[in-house]
Amino acid sequence: MATEIVLRVRQYNLAGTLDSGQAFRWQQVDDSWQGVVGAHAVRLRQTPEGLEARTQAPVAHWDWLRHFLQTDLDIAAVLQTFPADEPMRQAVAACPGLRLLRQEPWECLASFILSSTKQIVQIRQIVARLCEQFGEPCQGDARPCPSRAFPTPERIAAATEQELRDCKMGFRAPSLLAAAREIADGTLDLEKIRTLDYAGARAELMKLRGVGGKIADCVLLFAYGFDGAFPVDVWIERALQELYFPRRRASEKRLRHFAATHFGPHAGYAQQYLFHYMRTRSNPAAGPVAKTKPRTNEKS
DNA sequence: GCCCAGGTGAAGC
DNA sequence: GCTTCACATGGG
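Because the structure is a prediction, the values reported are computed rather than measured. Throughout, a residue's number is its position along its own chain's written sequence, starting from 1. Each chain takes a letter, starting from A, and each ligand takes a number, starting from 1, following the order in which they are written. Totals for whole chains, interfaces and linings use all residues, but because this is a predicted model, local features are given only for residues with pLDDT of at least 70 and pairs of side-chain atoms are given and counted only at 80 or more. The side-chain numbers reported here are obtained from all heavy atoms of the structure, hydrogens and water having been left aside.

Draft legend 1. The nonpolar core, seen in detail. We define a nonpolar core as any set of buried Ala, Val, Leu, Ile, Met, Phe, Trp, Tyr and Cys residues linked to one another through side-chain atoms lying within 4.5 Å. When a residue's accessible area, from a 1.4 Å probe over protein chains only, is under 20% of the maximum for its type it is buried; when over 50% it is exposed; and in between it is partly exposed. With 73 residues, the main nonpolar core has W106, L130, L164, L176, L240 and F263 as its most contacted residues. Should any heavy atoms of two residues lie within 4.5 Å, those residues are considered in contact. Among all residues touching L176, those that are not within four sequence positions of it are W106, A110, I113, L114, L130, I156, L164 and M169. Counting 21 residues, the second largest nonpolar core, distinct from the first, contains L18, A23, V42 and L65.

Draft legend 2. The protein's contact with DNA strand B, seen in detail. Residues are classed as near a molecule or strand on a simple rule: at least one heavy atom within 4 Å of it. For DNA strand B, the set of nearby residues contains 28 residues, the closest of which are G21, Q119, I120, R238 and Q271. Each atom of DNA strand B within 4 Å of the protein was classed as base or backbone; sugar and phosphate made up 60%. K214 has a polar backbone atom sitting 3.3 Å from a phosphate oxygen of DNA strand B. Where the surface near DNA strand B is concerned, the elements lending two or more residues are helix 6 (120-134), helix 12 (213-222), helix 13 (234-244) and helix 15 (267-280). Whenever two N or O atoms come within 3.5 Å, that pair is a polar contact, provided that in protein one can donate a hydrogen and the other can accept it, and provided that, for residues adjacent in sequence, both atoms are side-chain atoms. Strands here are runs of E lasting at least two residues and helices are runs of H or I lasting at least four, both read from the DSSP assignment and numbered beginning at the N terminus.

Draft legend 3. How the structure looks around the packing of helix 4 (residues 86-94) against helix 15. Axes here mean lines fitted to C-alpha atoms, for a helix over just the part in contact, with angles spanning 0 to 180 degrees between N-to-C directions. Look at helix 4 against helix 15: their axes get within 8 Å of each other, and the N-to-C directions meet at 70 degrees. The angle between the axes of helix 4 and helix 15 places the two elements in the roughly perpendicular class. Across from P87, M88, Q90, A91, V92 and A94 in helix 4, the residues of helix 15 making contact are A270, Y273, L274 and Y277. Roughly parallel refers to an angle under 35 degrees, roughly antiparallel to one over 145, roughly perpendicular to one between 65 and 115, and oblique to any angle outside these ranges.

Draft legend 4. A look at the packing of aromatic side chains. Side-chain rings of Phe, Tyr and Trp, where Trp is taken by its six-membered ring, are said to pair if the distance between their centres is within 6.5 Å; with planes under 30 degrees apart they count as stacked, over 60 as edge-to-face, and otherwise as tilted. If you walk through the whole model with that rule in mind, you get twelve aromatic pairs. Residues F24 and F112 carry aromatic rings whose centres are separated by 5.2 Å and whose planes lie at 65 degrees to one another, so their mutual orientation is edge-to-face. In this pair, F24 is assigned in the loop between helix 1 (14-18) and strand 2 (27-29) and F112 in helix 5 (residues 105-113), connecting sequence segments 88 residues apart. Centre to centre, the rings of W106 and F150 are 6.4 Å apart; their planes meet at 75 degrees, and the pair counts as edge-to-face. With W106 in helix 5 and F150 in the loop between helix 6 and helix 7 (153-157), the pair connects residues that are 44 residues apart, well separated along the chain. With respect to burial, W106 and F150 carry one shared label: buried.

As structure tokens, this is what we get:
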């Protein structure tokens, strides 16, 4: 049993990865990142050797952490499959070592149900309230700040809509409640999703209220490892429009088709680099990003 | 105050 | 098929 390990890994940008809008429970504390993986409260730190991890309570092994962080993935091999165009080159250069995590499906699904038309900072706040309210405390001494596991579907299913709304999730509360109930009563089997192909898995998730194509793709990519899933949100739509179709307005359907054919077998990875690039390329001190509202056929 | 946010679903044409 | 709108809430 141990509480510390160093995971030797290269080309891993821990801060970029934990802060890139795929997971919502990681908080920077000094030079470390504090979060919860399953039932484990853990603190991570980037070192020259790799990633140093410290858990709140002793653990028998570290497979759960390697899996979550995907430290065994050959990122160089993934990058080689990206199209050799200028936007991708810049996106990768903007955050070398950016990775995809492999999250627990329920937590990922629930988090992204809560994500719609919310800024990432607000999603974090809602998820934090939800965990504080309904999550089981993690083992070990949690001072100074309490750490809790993500609440189970059963626990959420047992809550009232008003209790969920009290976590400030607004109109997303009925969707979260319905999803929790379907999983708790076995109507939806999140483990079975693993056995389906991409289209089948996506269709299965989209049966849930409040889960459309975008959220389904996020869950397929961030929790199930469908690398071809390519979530298109407002940032990615803007990225594709500006970087690949600068002269004419492309329909959403056209953008989706382009995304599905241009970025290769690890399109989801490419998407994450583009997303992070778009979100961070503007200098906050220089003011907001120029928001060009999509127009119908700008005259050049 | 105003605009927008890792959207979705329903209603209108 | 496409466009518009409501839906809660809060950051900037």
